[in-house]
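# Fold and contact review
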Amino acid sequence: MTISKMYGTAVVLNEWMSCMKCAIKKTGALLAAVWLMGGTVHAEGGKIFPVPGAPVLQKLDWRAADEHCRVETRDGRKFFVIDVPRGKERGTHWFSASFDPAPLRGKQVTFLFRYRLQNVSLPPKKYYGSKFMVSYRDAASRKKVWPDAWLPEGSQPWNSGALQVKFRPQAIEAEIMLGLQNVSGKIEFEFDSLQCGSVFSPAARVNLDYKVKYPQGGKADSRLRGVMSPSGPMTEEMFRILKQWNVNLLRMQMIRNWNKINTDQDLDEYNRWLDGRLNQIEEAADLAGKYGIRIVIDLHSPPGGKTALNHMRMFNEKKYADAFLDCWRRIATRFKDNPAIYAYNLLNEPVQAVPAPFDYWNLQRMAAETVRKIDPDTMIMVESNESSRPESFAYLSPLKMDNVIYQVHMYIPLTYTHQRLRTEGPPVDYPGMIDGEMWNRDKIRETLQPVRDFQLRHNAKIYVGEFSAIAWAPGAERYLQDCIDIFEEYGWDWSYHAFREWGGWSVEHEGTGPDDIRPAGDTKRKQVLLKAFRKNSR
């Protein structure tokens, strides 16, 4: 490591367990043993898998921005210390180092680090404050990208943090920065804790040769095409509309506190909410049977919620892991003989950003085993990591269990499907150049290839639990049609997101942005769905 002075300016994911060994001690013998029997699918001991060509962070040429940055050695270990007094807040006070992002293009990379805060002041704007940040330039768009770990202010003891970065295909001129921006206070980073790599790897997969078996005949062989439910109760009028559309599948989401952190930690209150939602699903199941529609029970919001890392709390804390298994024990007991229930969707969009004692795969495996002890017949759905992104199927392992469906979500590229949802900007067209790449049906097929490979390798049924394009996305009907054509070619069941949930995703609405959404009697997006639903058996 070399340290030099640099004076100048520059302009989801920050806390996980500080020590994997300590966490495993807290898990309890029984649950820890169940976890270990399932097979390790991520790097152990707080380590991550190397990514070929990724920088060794300790070997970079680190530069100090100003006199508030110093290197300290304690007991033979190096620390970056950034200590900004009151009245000196203005500017960037950090250590930075440049690296070549070429080997990381198109890859998702995790940066891990240890840090401590002392009296860090409230930033004047949300994008200032405590920083662990990577920047690079996208050569295609010529824009600079600033992935940020969004560290908190105030004081915190030594903690571990993470930043996940998906490098664009034409990333150039990368830099990593750690310190403070336009705030006072003190932040420290343990130099030897800096890591760069991948939490999961295809090399760690288990059950490599397992072929999934399904019962012959009956609902296992039927093709299903449907929609995602609203977050509230389903009325008979809604079922009547879906019947008119010729929908035969409804994914019913048990959801609340979406996109919020540090929620659902009061288990008594959580269980009261869950019971109420299960009552609504039971009522919906009666109506579904009447209208010939099957239901997927989808646990969208698990006990414990998410940490500030956007990482599910139950992956680290036994209390919430146990509560998750108990949820499925209760659900399976209640619905095991209900003919309207097609499948149990164990966990919506798992997000595991760092190594954890109850990883996203093993916890779903334990839930599946819990269900199978009660209900041997109903389909079980397992989702991949990274919010069920297609790419994560490259390292997904099948359960050593039959009658299991594997679920993927398709919103890629987000720049297109979620355009102008939270930020302003020009319209993004499909097909067309998006994030420096030509996006069309061939690109969608390429994106879904890891899922197709998994399907063929393991004889697995694939279900696209969610796909969509926001109402004002130019060419949205073409995007949906291209997606559906590929799903149909591969024999995948699917459900559109969403039916009478939020107007931006509704095919019964149109608009120009979040502040201009209005009902529409008909839309091109709706016609795409109705055409596909006509393939369902009546």
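Residues numbered from 1 in each chain as written. Predicted model: local features only at pLDDT ≥ 70, side-chain atom pairs only at ≥ 80, totals over all residues. Heavy atoms only, no water.

### As for the packing of helix α10 (residues 476–490) against helix α11 (residues 524–533)
- Their axes nearest at 8 Å, the elements α10 and α11 cross at an angle of 20 degrees. Taken together, the axes of α10 and α11 lie roughly parallel to each other. Between α10 and α11 lies a crossing whose hand is right-handed. Where α10 approaches α11, its residues A476, E477, L480, Q481 and I484 are matched on the opposing element by K524, R525, V528, L529, K531 and A532. (Axes fitted to C-alpha atoms, helices over the stretch in contact; angles between N-to-C directions. Helix = DSSP H or I, 4+ residues; strand = E, 2+ residues; numbered from the N terminus. Parallel < 35°, antiparallel > 145°, perpendicular 65-115°, else oblique. Left-handed = near helix turned anticlockwise from the far one by under 90°. Contact = heavy atoms within 4.5 Å.)

### Some details on the pairing of strand β6 (residues 108–120)
- As judged from the ten bridges shared by β6 and strand β9 (residues 154–166), these two strands associate in the antiparallel manner. The partner of Y115 across the bridge, within β9, is N159.
- The pairing of β6 with strand β12 (residues 195–197) spans three bridges and is antiparallel. Paired with T110 across the strands is G197, a residue of β12.
- One ladder, built from four bridges, connects β6 with strand β11 (residues 185–190); its direction is antiparallel. In the sheet register, Q118 faces β11, and the bridge partner there is K186. (Pairing = 2+ DSSP bridges.)

### So, the pattern of salt bridges
- Tallying each qualifying case throughout the model produces 38 salt bridges.
- Two residues, E488 and R223, come together in a salt bridge whose shortest N-O distance is 3.5 Å. With a gap of 265 residues between them, E488 in helix α10 and R223 in the loop between β12 and β13 (225–228) connect regions that are remote in the sequence.
- Classification of R223 as partly exposed rests on a relative accessible area of 26%.
- Several salt bridges share partner residues, and in doing so they unite R70, E72, R74, R116 and E188 into one network. (Salt bridge = Lys/Arg side-chain N within 4 Å of Asp/Glu carboxyl O. Buried < 20%, exposed > 50% of the residue type's maximum accessible area, 1.4 Å probe, protein only.)

### Focus: a positive patch on the surface
- On the surface, a cluster of positive charge is made up of K243, K531, R534, K535 and R538.
- Relative accessible area serves as the criterion here: at 48%, K535 is assigned to the partly exposed category. (Patch = residues over 30% accessible without salt bridge, like charges linked within 9 Å, V, L, I, M, F, W, Y side chains within 5 Å. Areas by Shrake-Rupley, 256 points an atom, 1.4 Å probe, with all protein chains shown as cover. Lys, Arg positive; Asp, Glu negative; His and termini not counted. Charge placed at Lys NZ, Arg CZ, Asp CG, Glu CD.)

### Some points on the nonpolar core
- I297, W328, Y406 and F467 are the most contacted members of the largest nonpolar core, which has 122 residues in total.
- Ranked by residue count, the leading element in this core is helix α4 (residues 267–291), at eleven residues.
- Residue contacts for W328: discarding those within four places in its chain leaves I297, L299, Y344, N345, L346, A367 and V371.
- The next biggest cluster of nonpolar side chains, apart from the first, holds 40 residues, and it includes A97, F113, V134 and A174. (Core = buried A, V, L, I, M, F, W, Y, C linked by side-chain atoms within 4.5 Å.)

### Observations regarding empty space enclosed by the protein
- When its volume is computed, the largest cavity comes out at roughly 110 Å³.
- Contributing to the lining of the largest cavity are 14 residues, with N257, W258, S301, P302 and K306 lying nearest its centre.
- Of the residues in the lining of the largest cavity, the class split is three nonpolar, seven polar and four charged. (1 Å grid on protein atoms, 1.4 Å probe; cavity = no way out; pocket = protein on both sides within 12 Å on 5 of 7 lines; lining within 4 Å. Points joined across faces, edges and corners; volume = space filled by probe spheres on them. Nonpolar A, V, L, I, M, F, W, Y, C, P; charged D, E, K, R; others polar.)

### Focus: helix α9 (residues 441–458)
- Across its 18 residues, α9 extends 25 Å between first and last C-alpha, which sits within 8% of the 26 Å expected from 1.5 Å per residue.
- Q449 marks the point of greatest bend in α9, at about 50 degrees, and the proline P450 comes within the next four residues.
- Of the residues making up α9, those classed as buried are K443, I444, T447, L448, V451, R452, F454, Q455 and H458.
- With a side-chain oxygen positioned 3.1 Å from the backbone nitrogen of D442, the residue opening α9 is N440.
- Two residues or fewer past α9, N459 is found with a positive phi of approximately 55 degrees. (Expected span 1.5 Å × (residues − 1). Bend = angle between axes of the 7 residues up to and from the residue. Polar contact = N/O pair within 3.5 Å; in protein donor to acceptor, adjacent residues only side chain to side chain.)

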